[in-house]
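Residue-level listing of the chains:
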Amino acid sequence: MIALQNKWKELADIKDELAARDWFMGTSGNLAIKVSDDPLRFLVTASGKDKKKRTMEDFLLVNANADPVEETDLKPSAETLLHCAIYNKTSAGCSLHIHTVANNVISEIYGNEGKIDFQGQELIKAFGLWDEDALLSIPIITNHAHIPSLAEEFSSHIHADKGAVLIRNHGITVWGKDGFEAKKLLEACEFLFQYQLALLQIK
Ligand SMILES: CSC[C@@H](O)[C@@H](O)C(=O)COP(=O)(O)O
Ligand SMILES: [Zn+2]
């Protein structure tokens, strides 16, 4: 019970921080944090809420199939299956999904290439890439309206306990070992996207 409360507060605090950056426009975005491994239980944002508000109905507990495990009128995020894919395949503890203008424009510019690469950029160190010639490659997938199809394609790009995937003209999902790491990766990605757009503008 204490673990659940602590995880709830951790996720609520992250939600407030991302909201302060205006990263939940039009109720977009969803967040999740793992509460237990066996059986898998994680808190996920309730669907369609104004994520800038902090309420007692912001999150609900779900299982590995995205089903609520407690009696509730709340609906789990429409994209809960993507969070399930992360927790089913990795030991990640937190996953974050946001829509920003920068991540959408980048996903459209580089969408046909299926990825965007960053090299020689200090902030790729957030992903643990410390070598001078290290490369961060972020996959870009099709925005399937059918969520199980979206989750399937998304899942094929989950290869490590931390990572990031762009969904074309939709948004980004990142995951990491805990809330701190997931937020760090998200901020690093958004920095890199804004940098790339600024660079393209002056070129
Ligand atoms: C309201 S547009 C955004 C949604 O379609 C979806 O992509 C999203 O990120 C939020 O959906 P939600 O069901 O609230 O988690
Ligand atoms: Zn979304």
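Residues numbered from 1 in each chain as written. Chains lettered and ligands numbered in written order. Predicted model: local features only at pLDDT ≥ 70, side-chain atom pairs only at ≥ 80, totals over all residues. Heavy atoms only, no water.

Every second residue of strand β3 (residues 59–62) is oriented toward a common face, with Phe 59 and Leu 61 on one face and Leu 60 and Val 62 on the other, all of them buried. Pairing geometry for strand β2 (residues 40–45) and β3, over 4 bridges, is antiparallel. If you follow Leu 43 over to β3, its bridge partner there is Leu 61. (Buried < 20%, exposed > 50% of the residue type's maximum accessible area, 1.4 Å probe, protein only. Helix = DSSP H or I, 4+ residues; strand = E, 2+ residues; numbered from the N terminus. Pairing = 2+ DSSP bridges.)

So, on to the side chain of Ser 95. With respect to the secondary-structure elements, Ser 95 resides in strand β4 (residues 94–98). A distance of 2.7 Å separates a polar atom in the side chain of Ser 95 from a polar atom in the side chain of Tyr 87. (Polar contact = N/O pair within 3.5 Å; in protein donor to acceptor, adjacent residues only side chain to side chain.)

Our next topic: the UniProt feature "domain: Class II aldolase/adducin N-terminal" (unreviewed entry) in the protein. Per the UniProt record, the feature "domain: Class II aldolase/adducin N-terminal" (unreviewed entry) sits at residues 9–197. Overall, residues 9–197 shows 31% helix and 24% strand. The separation of its end C-alpha atoms is 34 Å. (UniProt positions renumbered as here; feature names shortened; annotations may be inferred.)

To continue, consider the nonpolar core. Residues Leu 18, Leu 96, Ile 138, Ile 172 and Phe 193 are the most contacted members of the largest nonpolar core, which totals 40 residues. No other element matches the 8 residues that helix α5 (residues 179–202) contributes to this core. Beyond its immediate sequence surroundings of up to four residues, Leu 96 is in contact with Ile 14, Leu 18, Asn 30, Leu 31, His 83, Ile 172, Thr 173, Val 174, Ala 182, Lys 183 and Leu 186. Within the second largest apolar cluster, 24 residues are counted, among which are Ala 66, Ile 147, Ile 167 and Trp 175. (Core = buried A, V, L, I, M, F, W, Y, C linked by side-chain atoms within 4.5 Å. Contact = heavy atoms within 4.5 Å.)

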